[in-house]
Amino acid sequence: MVIRDWSSDVCSSDLPKMTGLRQPALPPGRDFDYINAEVIESTLEARNGLLELPHGTRYHILVLPELETMRPQVLRKIRTLVRAGATVLGPPPSRSPSMEDYPACDATVSQLAAELWGGLDTRQPGSRTFGKGRIAWGQPLEELLTTLDSPPDFQSSMPLRFTHRRSRDADIYFVANPKAEPLTTTAAFRVGHKAPEFWWPRSGRIERPAVYNLAGGTVTLPVSLEPLGSVFVVFRDKAAARSQRVVSVRQNEREVLSTTVTPPAQYAGGDSPNNFTFAAWVK
């Protein structure tokens, strides 16, 4: 599993299983991809402290499965990646799952693991530097991502599902309401200084919200979704100056549209305005 730099941030070598329990748990606001041994060996590279694939997808962490086995060729490439600056999370393997070149294959795996993990006791959480990168074990992903100065890619004041992809000139988020009731929330997208657009899949309509804010490379804006509804939030163009956009809306001294992401507990009462009505009023 790999944690993406821009839509999550984790890549997982969960072989051969590609679905099921994610271990360790994925923190909120992160996304991941499964990656297999062939891709690790042939195309995955480490650049500027990140893992990168040829088409441009980048990851912060490579997460290894909780297994005692790994082929020497894969472990050798992981050593190369860490030495070049990658961060890898997982326990050391002790032997090869293959009988190819047995028993020398097992000896190679043990030698490479001792080199990477330093022969340390991995029964307790820890980490060590190796070359320009780091190998870690037993740590929660959120804790490790914090040390890498990697803020969440997406946040919301109410639970939403999301995924994030990047094209040559745009960041594209797909955001979905998992509940069978309408909701209005404030969402934050780590996309830099870009203006948001709503692309509604049912109607094909494109809207450019007037209410949004920018801070620390993150765009925050209110989002309203129908029951089980969804929207593409697309970022293509440079954001307008602060004087040309609305950062909040108040009615009778009460803030009804906000660009501040608050903890979900504050919405427990379900007192959410109809954002479609206020969006039309703002326009």
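From a predicted model like this one, the values you see are computed outputs, not experimental measurements.

Glancing now at the pairing of strand β6 (residues 58-63). The element β6 is largely enclosed, with a buried count of five among its six residues. Pairing of strand β5 (residues 50-52) with β6, which is carried by two bridges, proceeds in the antiparallel orientation. By the bridge assignment, L51 is partnered in β6 with Y59. In the sheet, β6 pairs with strand β7 (residues 87-89) via three bridges, with the strands oriented parallel. Residue pairing across strands places I61 opposite T87, the latter belonging to β7.

Residue P103 is bonded to the preceding Y102 through a cis peptide linkage, with omega at 5°. Structurally, P103 can be placed in the loop between β7 and α3 (104-117). Its identity is not glycine, yet N48 carries a phi of approximately 55°, on the positive side. Inspection of the secondary structure puts N48 in the loop between β4 (45-47) and β5. Of note in the backbone geometry, D101 takes a positive phi value of approximately 60° without being a glycine. You can see D101 is positioned in the loop between β7 and α3. Classification of D101 as exposed rests on a relative accessible area of 54%.

Our focus in this paragraph is the pairing of strand β17 (residues 218-225). Judged by how many residues are buried, β17 sits mostly within the fold: eight of eight residues are covered. Of the two faces of β17, the one lined by T218, T220, P222 and S224 and the one lined by V219, L221, V223 and L225 are each fully buried. As judged from the seven bridges shared by strand β13 (residues 183-189) and β17, these two strands associate in the antiparallel manner. Residue pairing for β17: L183 is matched across the bridge by L225. Where strand β16 (residues 213-215) meets β17, three bridges bridge the pair, whose relative direction is antiparallel. Directly across from A215, in β17, lies its bridge partner T218. The hairpin turn running from β16 into β17, its antiparallel successor, is two residues long, and G216 in that turn takes a positive phi close to 55°.

A separate point is the pattern of salt bridges. Inspection of the entire model under this criterion finds 11 salt bridges. Notably, a salt bridge pairs R236 with E197, separated by 3.0 Å at the nearest N-O pair. With a gap of 39 residues between them, R236 in strand β18 (residues 230-238) and E197 in strand β14 (residues 194-199) connect regions that are remote in the sequence. Among the residues examined, R236 registers a relative accessible area of 34% and is labelled partly exposed.

This brings us to the sheet that holds β17. Spatial ordering of the open sheet is given by β10-β13-β17-β16, a layout of four strands whose pairing is antiparallel. Strand pairing shows two members of the sheet lacking a second neighbour, β10 (154-156) and β16, which therefore form its edges. Mean inter-strand twist for the sheet, computed between neighbouring axes without regard to direction, equals 30°. Of the strand pairs in this sheet, β10 and β13 are connected by three bridges, and their pairing is antiparallel. Within β13, the residue paired with F154 across the bridge is F189.

Further remarks concern a nonpolar patch on the surface. Judged by side-chain polarity, W199, I206 and F232 come together as a nonpolar surface patch covering roughly 230 Å² of accessible area. Relative to the elements of secondary structure, W199 occurs in strand β14.

I40, L62, L75, I78 and W117 are the most contacted members of the largest nonpolar core, which has 26 residues in total. Elements with a minimum of two residues in this core: α1 (37-42), β6, α2 (72-83), α3 and β9 (133-137). Not counting chain neighbours up to four residues away, the residues in contact with L75 comprise M70, P93, V109, L112, A113, L116 and W117. Counting 23 residues, the second largest nonpolar core, distinct from the first, contains F189, V191, V219 and V233.

Now for the side chain of S96. Looking at the element boundaries, S96 is found in the loop between β7 and α3. At 3.1 Å, the side chain of S96 and the backbone nitrogen of S98 are in polar contact.

In this section: the confidence of the model for the protein. Per-residue pLDDT for the protein has a mean of 79; in total, 76% of the residues score no lower than 70. Within the protein, no element has a lower average pLDDT than helix α5 (residues 275-282), which sits at 34, and none a higher one than α2, at 95. Within the model, the stretch residues 3-10 combines pLDDT values under 50 with 66 contacts to residues more than four positions away or in other chains.

Conventions we followed
- Residues numbered from 1 in each chain as written.
- Predicted model: local features only at pLDDT ≥ 70, side-chain atom pairs only at ≥ 80, totals over all residues.
- Heavy atoms only, no water.
- Buried < 20%, exposed > 50% of the residue type's maximum accessible area, 1.4 Å probe, protein only.
- Helix = DSSP H or I, 4+ residues; strand = E, 2+ residues; numbered from the N terminus.
- Pairing = 2+ DSSP bridges.
- Salt bridge = Lys/Arg side-chain N within 4 Å of Asp/Glu carboxyl O.
- Axes fitted to C-alpha atoms, helices over the stretch in contact; angles between N-to-C directions.
- Patch = residues over 30% accessible without salt bridge, like charges linked within 9 Å, V, L, I, M, F, W, Y side chains within 5 Å.
- Areas by Shrake-Rupley, 256 points an atom, 1.4 Å probe, with all protein chains shown as cover.
- Core = buried A, V, L, I, M, F, W, Y, C linked by side-chain atoms within 4.5 Å.
- Contact = heavy atoms within 4.5 Å.
- Polar contact = N/O pair within 3.5 Å; in protein donor to acceptor, adjacent residues only side chain to side chain.
- pLDDT = per-residue confidence, 0-100.

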